[in-house]
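Structural overview for review
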Amino acid sequence: QDTLKEELNSCGKQRSRIQQESQDGLEQGRRKVHMMKTTPGSEYVQQAFCHFGPHASQRELLSKVSEANKERLKNLTEDKQRKYDEARTFVDEQKRKHHEDAQ
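Please read these numbers as outputs of a predicted model, since none were measured by experiment. (Residues numbered from 1 in each chain as written. Predicted model: local features only at pLDDT ≥ 70, side-chain atom pairs only at ≥ 80, totals over all residues. Heavy atoms only, no water.)

Summing up its helical and strand segments, the chain has three helices and zero strands in all. The secondary structure elements of the chain, listed N-terminal to C-terminal, are α-α-α. Computed over C-alpha atoms, the radius of gyration of the chain comes to 22 Å, more than 25% over the 13 Å expected from 2.2 N^0.38 for 103 residues, which places it beyond the range of a compact globule. Overall, the chain is about 70 × 25 × 15 Å in size when its C-alpha atoms are taken along their principal axes. Out of the 103 residues in the chain, the part that is buried amounts to 8%. Summed over all atoms, the accessible surface of the chain reaches about 9200 Å², with 55% contributed by carbon and sulfur. Here the chain carries 20 positive and 18 negative side-chain charges, and the mean point of each set is 6 Å from the other. (Helix = DSSP H or I, 4+ residues; strand = E, 2+ residues; numbered from the N terminus. Rg over C-alpha atoms; globule rule 2.2 N^0.38 Å. Buried < 20%, exposed > 50% of the residue type's maximum accessible area, 1.4 Å probe, protein only. Areas by Shrake-Rupley, 256 points an atom, 1.4 Å probe, with all protein chains shown as cover. Lys, Arg positive; Asp, Glu negative; His and termini not counted. Charge placed at Lys NZ, Arg CZ, Asp CG, Glu CD.)

What follows is the structure, encoded as C-alpha cells:
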C-alpha cells in the first residue's frame, strides 16, 4: 500500500515536472518570437559581426553563423532525444511494475 502511494506520488511529481518543462519551453518560444518580430534585422547582423569579428567578410560571417547554428541544433536535437528516451524509459518501467503487481 505504502509502496503504491510512493510510486503514485513519484509519478505525479515526474508528470508535473514534465508539464512544467513544456510550459517553460512554450513561454521561452513565445518570448523569442516576440523578440524576433520587434528587433530590426540590421541589429542581428551587427551583433553577428561583433561576435564573429568586425573584419569578417559577409561570406565568412554567413558561414560562421551557419556553422554555429548547426552545432546548436545538433545539441538541441540530442537534448530532446535524451528527454524523450528518459520519458519512454519511465513509462516502460511503470508499465512493467504495474504488470508485475497485477500478477
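Tallied over the entire structure, the rule returns 11 salt bridges. A salt bridge links Lys-70 to Glu-67; its shortest N-O distance comes to 3.9 Å. Note that Lys-70 and Glu-67 are positioned in helix 3 (residues 58-102) at a spacing of three residues, about one turn of the helix. Residue Lys-83 is joined to Asp-79 by a salt bridge in which the shortest nitrogen-to-oxygen separation is 3.9 Å. Of the two residues, Lys-83 and Asp-79 both sit in helix 3, four residues apart, roughly one turn of that helix. (Salt bridge = Lys/Arg side-chain N within 4 Å of Asp/Glu carboxyl O.)

Here the chain averages 86 in pLDDT, while 100% of its residues score no lower than 70. Ranking the elements of the chain by mean pLDDT puts helix 2 (residues 41-52) last, at 82, and helix 3 first, at 88. (pLDDT = per-residue confidence, 0-100.)

With respect to the element layout, His-98 can be found in helix 3. Assessed through its relative accessible area of 60%, His-98 is described here as exposed. Each C-alpha atom of the pair His-98 and Leu-4 lies 9.7 Å from the other, and the pair is 94 residues apart in sequence.

This part is about helix 2. Compared with an ideal rise of 1.5 Å per residue, which puts 12 residues at 16 Å, helix 2 spans 17 Å between its outermost C-alpha atoms and is within 8% of the ideal. At the exit of helix 2 stands Gly-53, carrying a positive phi of roughly 115°. (Expected span 1.5 Å × (residues − 1).)

Let us look at helix 3. Side chains of residues three or four places apart in an α-helix project in the same direction, reflecting 3.6 residues per turn. For helix 3, built from 45 residues, the straight-helix expectation of 66 Å at 1.5 Å per residue is met to within 8% by its first-to-last C-alpha distance of 65 Å. Buried residues of helix 3: Leu-61, Phe-90 and Gln-94, and no others. Looking at the packing, one finds that the buried side of helix 3 touches helix 1 (2-38) and helix 2. (Contact = heavy atoms within 4.5 Å.)

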